[in-house]
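# Coordinate analysis (summary)
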Amino acid sequence: MNHHYVVKLILLGDPGAGKTSLLHRFVDDTFTEKYDTTIGVDFQAKTVTSTSGNILRLHLWDTAGQEHFRSIVTAYYRCIAAALLVFDVTNRETFDNLEHWLKDLRQKNESLHDLPIIILGNKTDVEKRKVSFEEAHEFAKKHNVRYSEISVKNNIGIDEAILRIIDDVDDVFIKKNIPCTGIKKRPLVGIEKKLELTQYNPFENYNKKKSNKLNCCIQS
Ligand code: GDP
Ligand code: MG
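Report on the accompanying structure.

The rules behind the values
Residues numbered from 1 in each chain as written. Chains lettered and ligands numbered in written order. Predicted model: local features only at pLDDT ≥ 70, side-chain atom pairs only at ≥ 80, totals over all residues. Heavy atoms only, no water. Pairing = 2+ DSSP bridges. Helix = DSSP H or I, 4+ residues; strand = E, 2+ residues; numbered from the N terminus. Right-handed = clockwise from strand over helix to strand, strands pointing away. Near = heavy atom within 4 Å. Polar contact = N/O pair within 3.5 Å; in protein donor to acceptor, adjacent residues only side chain to side chain. Areas by Shrake-Rupley, 256 points an atom, 1.4 Å probe, with all protein chains shown as cover. Nonpolar A, V, L, I, M, F, W, Y, C, P; charged D, E, K, R; others polar. Core = buried A, V, L, I, M, F, W, Y, C linked by side-chain atoms within 4.5 Å. Buried < 20%, exposed > 50% of the residue type's maximum accessible area, 1.4 Å probe, protein only. Contact = heavy atoms within 4.5 Å. Phe/Tyr/Trp six-rings, centres within 6.5 Å; stacked < 30°, edge-to-face > 60°. Lys NZ or Arg CZ within 6 Å of the ring centre and 35° of its normal.

So, about the pairing of strand E6 (residues 146–149). Two faces, one strand: in a regular strand the side chains alternate between the faces of the sheet. Inspection of the sheet shows strand E5 (residues 117–122) paired to E6 by four bridges, in the parallel sense. Each residue of the ladder has a partner; that of Leu120, found in E6, is Ser148. In this fold, E5 hands off to helix H5 (residues 133–142), which returns the chain to E6; that crossover is right-handed.

Right, here's the structure in full:
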């Protein structure tokens, strides 16, 4: 392996759904109960390995306090490889607004019919749910996107959900060599190569559990 892929992903969803918390959990494994509206551009990066062994440097873009769907600038949606749509299972309105998010996302990416999209039902640790798994799953099926449930607070389901969407990016674009402006192929060279190869792989345990063998064959 002498190259990796830089992959741009965006997070969408109503304010308070847990997008910023999800990023912090995924990238630094931290969580806070404090709610700070995201200001400015929030961007995080993390290197992961897809099930097929491709090294992907994920650039995860947070919506930076512009969550009211009509106000999101087109530039934010441009050049993406996949989208994560987050809602709060304890807040019905965040679920009802998914329709608008999906519409907006698809309108602004008309050329990418197969754009991988995953809906994430967050805060499953809270008892008083307002949206059932069945309803959300049905909605996702109707719109031909994936659905996973997560709890950012309890760190449940996040790595699995991101691995699913990463594998979709791999299947839809990378393996078939289909050009996508949200994916850039980059060489692994010198010190950078060493760093990439020693990077912590968040899916390691998941893959081990799944197949009982290490599924990330990073070789130089
Ligand atoms: P954003 O506006 O979508 O970026 O939402 P934030 O990430 O800022 O989260 C909004 C609030 O929800 C914060 O107070 C978080 O602590 C809280 N929160 C996020 N994820 C969870 C979760 O899985 N469970 C619970 N109980 N609270 C969460
Ligand atoms: Mg935020």
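Time to look at the site of ligand 1. Looking at ligand 1, there are 21 residues lining it, with Gly16, Lys19, Ser21, Thr32 and Asp125 nearest. Residue Thr20 places a side-chain N or O atom 2.8 Å away from an oxygen atom belonging to ligand 1. In the model, an oxygen atom of ligand 1 is placed 2.7 Å from a nitrogen or oxygen of the Thr32 main chain. For ligand 1, whose free accessible area comes to 580 Å², the fraction covered by protein is 92%. No other element matches helix H1 (residues 19–28), which puts three residues into the shell around ligand 1. Here the shell around ligand 1 is composed, by residue class, of six nonpolar, seven polar and eight charged.

Turning our attention to the nonpolar core. Residues Leu58, Leu85 and Leu105 are the most contacted members of the largest nonpolar core, which totals 55 residues. Looking at this core, the element that brings in the most residues is helix H6 (residues 158–174), giving nine residues. Those residues in contact with Leu58 that lie beyond four places of it in its chain are Val7, Leu9, Phe26, Gln44, Ala45, Lys46, Val48, Ile162 and Ile166.

Scanning the model with the defined rule gives four aromatic pairs in all. On the basis of an interplanar angle of 25° and a centroid distance of 6.3 Å, the ring pair of Phe87 and Tyr147 is categorised as stacked. Of this pair, Phe87 sits in strand E4 (residues 82–88) while Tyr147 sits in strand E6; the two residues are 60 residues apart in sequence, bridging distant segments of the chain. Its relative accessible area of 6% is what places Tyr147 among the buried residues. Of the aromatic side chains, those joined through ring pairs into one cluster are Phe87, Phe95, Phe133, Phe139 and Tyr147. Above the plane of the ring of Trp61 lies Lys8, whose end atom (NZ or CZ) is 5.0 Å from the centre.

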